[in-house]
Amino acid sequence: MSGPTVNLDNPALVAPKRLKPLFAPGTDKDQALVIFVLGGPGAGKGTQCANLVRDYGFKHLSAGDLLREEQQRPGSEFGEMIKTYIKEGKIVPMEVTIQLLENAMKATIEENGNRKFLIDGFPRKMDQAIKFEEVVVPSKFTLFFDCPEETMRARLLNRGLTSGRSDDNEESIKKRFVTFVETSMPVVNMFNNEGRVIKVDATKTPEEVYEVVVKEFASKGLEFMQK
Ligand code: C5P
Ligand code: MG
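Residues numbered from 1 in each chain as written. Chains lettered and ligands numbered in written order. Predicted model: local features only at pLDDT ≥ 70, side-chain atom pairs only at ≥ 80, totals over all residues. Heavy atoms only, no water.

The protein chain carries the name Uridylate kinase in an unreviewed UniProt entry, which gives Cladosporium halotolerans as its organism. UniProt lists a comment for the protein chain under the heading Sequence similarities (unreviewed entry), and it reads "Belongs to the adenylate kinase family. UMP-CMP kinase subfamily." (UniProt positions renumbered as here; feature names shortened; annotations may be inferred.)

Here you go:
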């Protein structure tokens, strides 16, 4: 696509060169528990993350929310670039998103010592999946919300009535679906081939979907985290 591109000569943006992930066991920073939460736009990732925060004490980090915040931050050199990518439903270059996530993780740990993260809407592209696990921390598993496009489309259009989001409209939604199928599903498939995906049917009500999520978390031995 045309439009602003990220300046990769900016040292603040070059993904850090590390021999080990930042939060790998045995490193200075010690461990962090990361669960990736994926699914098409409108699959219900944010809704289910809110439940998991309430019941398990995770910190919820939504890549999309972090990008929107950065877009609005006065003086951000990436604001215009992020705005264009979001409207077009394209994936923002990974250097920006990984740095935002890493900053947010560090800030959370400093603030209250919480090292349990739900990373929602990330990784959405193969390069960011590989880089994040290499330089930040390998994920424990991916929670994948499976939902047909028609259901997601209806939810997004409904949300668009009140969300004020620049991408909850017919035109952007179409583009987001294409990006999801072409760019993000290969990431889910890769993790799935590695046996690292919990797939949940996301067509039912939020309460019904969450019941399944809780059962799946128990099967992964995460019951102990429940408050
Ligand atoms: O997850 P959410 O729907 O809030 O993401 C909104 C938009 O933010 C995406 O369509 C995409 O343009 C951008 N995004 C991204 N990379 C991510 C997550 C979101 O570029 N990992
Ligand atoms: Mg969301």
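So, about the site of ligand 1. Taken together, 16 residues lie around ligand 1, and Arg 68, Lys 90, Val 92, Gly 121 and Arg 165 are the ones closest in. Residue Arg 124 places a side-chain N or O atom 3.1 Å away from an oxygen atom belonging to ligand 1. Note that a nitrogen atom of ligand 1 is positioned 3.1 Å from one of the side-chain N or O atoms of Gln 128. Contact with the protein chains covers 96% of the free accessible surface of ligand 1, which is 460 Å². (Near = heavy atom within 4 Å. Polar contact = N/O pair within 3.5 Å; in protein donor to acceptor, adjacent residues only side chain to side chain. Areas by Shrake-Rupley, 256 points an atom, 1.4 Å probe, with all protein chains shown as cover.)

So, about the packing of helix α2 (residues 63-72) against helix α4 (residues 94-112). Running from amino to carboxyl end, α2 crosses α4 at an angle of 100°, the nearest separation of the two axes being 10 Å. As summarised for this structure, α2 and α4 are arranged roughly perpendicular, according to the angle between their axes. Together, Ala 63, Leu 66, Leu 67 and Glu 70 of α2 and Val 96, Thr 97, Leu 100, Leu 101 and Ala 104 of α4 make up the contact between the two elements. In the contact of α2 with α4, the residues fall into seven nonpolar, one polar and one charged. (Axes fitted to C-alpha atoms, helices over the stretch in contact; angles between N-to-C directions. Helix = DSSP H or I, 4+ residues; strand = E, 2+ residues; numbered from the N terminus. Parallel < 35°, antiparallel > 145°, perpendicular 65-115°, else oblique. Contact = heavy atoms within 4.5 Å. Nonpolar A, V, L, I, M, F, W, Y, C, P; charged D, E, K, R; others polar.)

Summarizing the sequence annotation, UniProt attributes the feature "binding site: ATP" (unreviewed entry) to Gly 42, Ala 43, Gly 44, Lys 45, Gly 46, Thr 47, Arg 159 and Lys 204 in the numbering used throughout. For Gly 46, the position within the fold is in helix α1 (residues 45-56). Ignoring sequence-local partners within four residues, the contact set of Gly 46 consists of His 60 and Asp 120. With respect to the helices and strands, the residue Lys 204 is situated in the loop between β5 (197-201) and α8 (206-219). Sequence-distant contacts of Lys 204, defined by excluding residues within four places in its chain, comprise Arg 155 and Val 209.

Moving on, we get to the nonpolar core. With 39 residues, the main nonpolar core has Met 105, Ile 119 and Phe 132 as its most contacted residues. Of all the elements in the fold, those that place two or more residues in this core are β1 (33-39), α2, α3 (79-88), α4, β3 (116-120), α5 (126-135) and α7 (170-193). For this core, the element with the highest residue contribution is α4, accounting for eight residues. Ignoring sequence-local partners within four residues, the contact set of Ile 119 consists of Val 34, Ile 35, Phe 36, Val 37, Leu 61, Leu 101, Met 105 and Phe 132. (Core = buried A, V, L, I, M, F, W, Y, C linked by side-chain atoms within 4.5 Å. Buried < 20%, exposed > 50% of the residue type's maximum accessible area, 1.4 Å probe, protein only.)

So, on to the environment of Ala 43. Structurally, the position occupied by Ala 43 is in the loop between β1 and α1. If we skip the residues at most four places from it in the chain, Ala 43 touches Phe 145, Cys 147, Met 152, Arg 155 and Ala 202.

Right, let's get into the side chain of Thr 97. Summarising the element assignment, Thr 97 is placed in helix α4. On the basis of relative accessibility, which here comes to 5%, the residue Thr 97 falls in the buried class. Aside from chain neighbours lying at most four places away, what touches Thr 97 is Ala 63, Leu 67, Val 92 and Phe 122.

This next bit is on the UniProt feature "binding site: a ribonucleoside 5'-phosphate" (unreviewed entry) in the protein chain. The sites that UniProt annotates as "binding site: a ribonucleoside 5'-phosphate" (unreviewed entry) are Arg 68, Lys 90, Ile 91, Val 92, Gly 121, Phe 122, Pro 123, Arg 124, Gln 128, Arg 165 and Arg 176. Residue class for Pro 123 comes out buried when judged on its relative accessible area of 0%. Apart from the residues within four sequence positions on either side, Pro 123 is in contact with Phe 36, Leu 38, Gln 128, Ala 129, Val 187 and Phe 191. Assignment of secondary structure puts Arg 124 in the loop between β3 and α5. The class for Arg 124 is partly exposed, based on a relative accessible area of 28%. In contact with Arg 124, not counting residues within four places along its chain, are Ile 91, Thr 183, Ser 184 and Val 187.

With respect to the helices and strands, the residue Thr 108 is situated in helix α4. Not counting chain neighbours up to four residues away, the residues in contact with Thr 108 comprise Lys 59, Gly 113, Asn 114 and Phe 117.

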